[in-house]
Amino acid sequence: MIDSDGYRPNVGIIVANDQGQVLWARRVGQDAWQFPQGGINDRETPEEALYRELEEEIGLAPANVEIVGSTRGWLRYKLPRRLLRQNTSSFIGQKQKWFLLKMLASDEAVSFGYSQTPEFDFWQWVSYWYPLGQVVAFKRDVYRRAMKELAPYLSRCLVR
């Protein structure tokens, strides 16, 4: 489902623990790290896509997390030409709705075994702003805007 501007709807997922650290995952077979994310299917709400992708990519069920914040609108990024598939569609990038989730389960709940083709092979907790210096360059601005907008909600994840 590509919109008239060439962007595919997608969700971005930031999972935070009770110390304000975020789940940072490494893509299979690469030295590339990112937050979980994934496409929104036809007739699927962003929240439904969030929970589906969360389970497919990192094994967390809806009961394992709590939504504490989301971006107000869509954040867009264009894919570099080298990553665009050779096709006749007008696809140029992703438009994302971002969510900040509070982790309610233990770390052992995270699993890459819920997909026949896992996207990640390792994960770790990192400080909230760490991903900005590590994510691939073409996603950096979207990460900065999403994290800046969601930062005020991070206090809802902390142990009180």
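Bear in mind that the values here come from a model prediction, so they are computed numbers and not experimental data.

Caption draft 1: Seen up close, the overall build of the protein chain. Helix and strand counts for the protein chain come out as 2 helices and 8 strands. Start at the N end of the protein chain and walk to the C end: the helices and strands fall as β-β-β-β-α-β-β-β-β-α. Along the first, second and third principal axes, the C-alpha set of the protein chain runs to 50 × 35 × 35 Å. Put simply, the protein chain has 160 residues, and 44% of those count as buried.

Caption draft 2: Broad picture of helix α2 (residues 140-150). Turning to α2, its buried residues are V142, Y143, A146, M147, E149 and L150. Burial along α2 is one-sided: seen end-on, the buried residues are contained in an arc of 160°. Taken together, the buried residues of α2 touch β1 (7-16), β2 (22-27), β3 (33-34), β5 (65-70), β6 (75-78) and β7 (93-103).

Caption draft 3: Just the pattern of salt bridges, in detail. In the structure shown here, the tally under the stated rule is 9 salt bridges. Two residues, D3 and K95, come together in a salt bridge whose shortest N-O distance is 3.2 Å. Within this pair, whereas D3 is found in the segment before β1, its partner K95 is found in strand β7, the two being separated by 92 residues in sequence. Of the two residues, D3 and K95, neither departs from the other in class, the shared state being buried. Taking the shortest distance from any N to any O, the salt bridge between R27 and E119 comes out at 3.4 Å. Of this pair, R27 sits in strand β2 while E119 sits in the loop between β7 and β8 (120-126), placing them 92 residues apart in sequence. With relative accessibility at 25%, the residue R27 sits in the partly exposed group. The class of E119 is partly exposed, set by a relative accessible area of 30%. Salt bridges sharing partners connect three or more residues here, namely E44, R52, E53 and E56.

Caption draft 4: Representation of the packing of aromatic side chains within the structure. Tallied over the entire structure, the rule returns 10 aromatic pairs. With 6.3 Å between their ring centres and 75° between their planes, W24 and Y143 make a pair best called edge-to-face. Of the two residues, W24 is situated in strand β2 and Y143 in helix α2; the sequence distance between them amounts to 119 residues. Relative accessible area serves as the criterion here: at 1%, Y143 is assigned to the buried category.

What counts, and where the lines are drawn
- Residues numbered from 1 in each chain as written.
- Predicted model: local features only at pLDDT ≥ 70, side-chain atom pairs only at ≥ 80, totals over all residues.
- Heavy atoms only, no water.
- Helix = DSSP H or I, 4+ residues; strand = E, 2+ residues; numbered from the N terminus.
- Buried < 20%, exposed > 50% of the residue type's maximum accessible area, 1.4 Å probe, protein only.
- Arc of directions from axis to C-beta.
- Contact = heavy atoms within 4.5 Å.
- Salt bridge = Lys/Arg side-chain N within 4 Å of Asp/Glu carboxyl O.
- Phe/Tyr/Trp six-rings, centres within 6.5 Å; stacked < 30°, edge-to-face > 60°.

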